[in-house]
Amino acid sequence: MDEKTAQNAQRNTEKLCHASRTGNVNQDKLLALVNAAKGGRSLRKFAKDMGVNVSSVSRILNGKVAEISDSLLARIAAAADPCSGVTLEMLMEAQGIFP
């Protein structure tokens, strides 16, 4: 993960710390957003850009994760393809988290 992405992920994590959680995860929406955030990159490149293990991203994209950790959610938003339009707020809403 490059320094700019790391800084964005840190800011995103701080936002998540102060958010309220409903516990109502919209799995379909969350999966669609993560796929959009990935953009045209390979799974390996997306994971590298996020600074995480490829298997972590694979489990999310294959629907094997019921809820994404705050840290990972922050990294997805920070590494999202700029053309995707995916924001931390969109990911938070799909995860049942509100500012």
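Please read these numbers as outputs of a predicted model, since none were measured by experiment.

Here's the deal with the packing of helix α3 (residues 43-50) against helix α4 (residues 54-61)
- Between α3 and α4, whose axes approach to 8 Å, the crossing angle comes to 115°. The hand of the α3/α4 crossing is right-handed. Each of Leu43, Arg44, Phe46, Ala47 and Met50 in α3 lies in contact with α4, whose residues at this interface are Val54, Val57, Ser58 and Leu61.
- Looking at the contact of α3 with α4 residue by residue, the class counts come to seven nonpolar, one polar and one charged.

Examining the nonpolar core
- Ranked by size, the top nonpolar core spans 26 residues in total, and within it Val34, Phe46, Ile68, Leu73, Ile76 and Leu91 carry the most contacts.
- Residue assignment for this core shows that the elements contributing at least two residues are α2 (27-38), α3, α4, α5 (70-79) and α6 (88-94).
- With six residues, the top contributor of residues to this core is α5.
- When near neighbours in sequence (up to four residues on either side) are disregarded, Val34 contacts Phe46, Ile60, Leu61, Ile68, Ile76 and Leu91.

Side note on the pattern of salt bridges
- As enumerated under the stated definition, the model contains three salt bridges in all.
- A salt bridge links Glu93 to Lys29; the shortest N-O distance between them is 3.4 Å. Pair noted here: Glu93 is in helix α6 and Lys29 is in helix α2, with a separation of 64 residues, a long-range link.
- Since its relative accessible area comes to 42%, Glu93 is described here as partly exposed.
- Across the pair Arg41 and Asp49 runs a salt bridge, and its minimum N-O distance is 2.8 Å. Here the two residues Arg41 and Asp49 agree in accessibility, since each one is buried.

Here is what the cut-offs are and how they apply
- Residues numbered from 1 in each chain as written.
- Predicted model: local features only at pLDDT ≥ 70, side-chain atom pairs only at ≥ 80, totals over all residues.
- Heavy atoms only, no water.
- Axes fitted to C-alpha atoms, helices over the stretch in contact; angles between N-to-C directions.
- Helix = DSSP H or I, 4+ residues; strand = E, 2+ residues; numbered from the N terminus.
- Left-handed = near helix turned anticlockwise from the far one by under 90°.
- Contact = heavy atoms within 4.5 Å.
- Nonpolar A, V, L, I, M, F, W, Y, C, P; charged D, E, K, R; others polar.
- Core = buried A, V, L, I, M, F, W, Y, C linked by side-chain atoms within 4.5 Å.
- Buried < 20%, exposed > 50% of the residue type's maximum accessible area, 1.4 Å probe, protein only.
- Salt bridge = Lys/Arg side-chain N within 4 Å of Asp/Glu carboxyl O.

These values are about where atoms sit, not about what they do.
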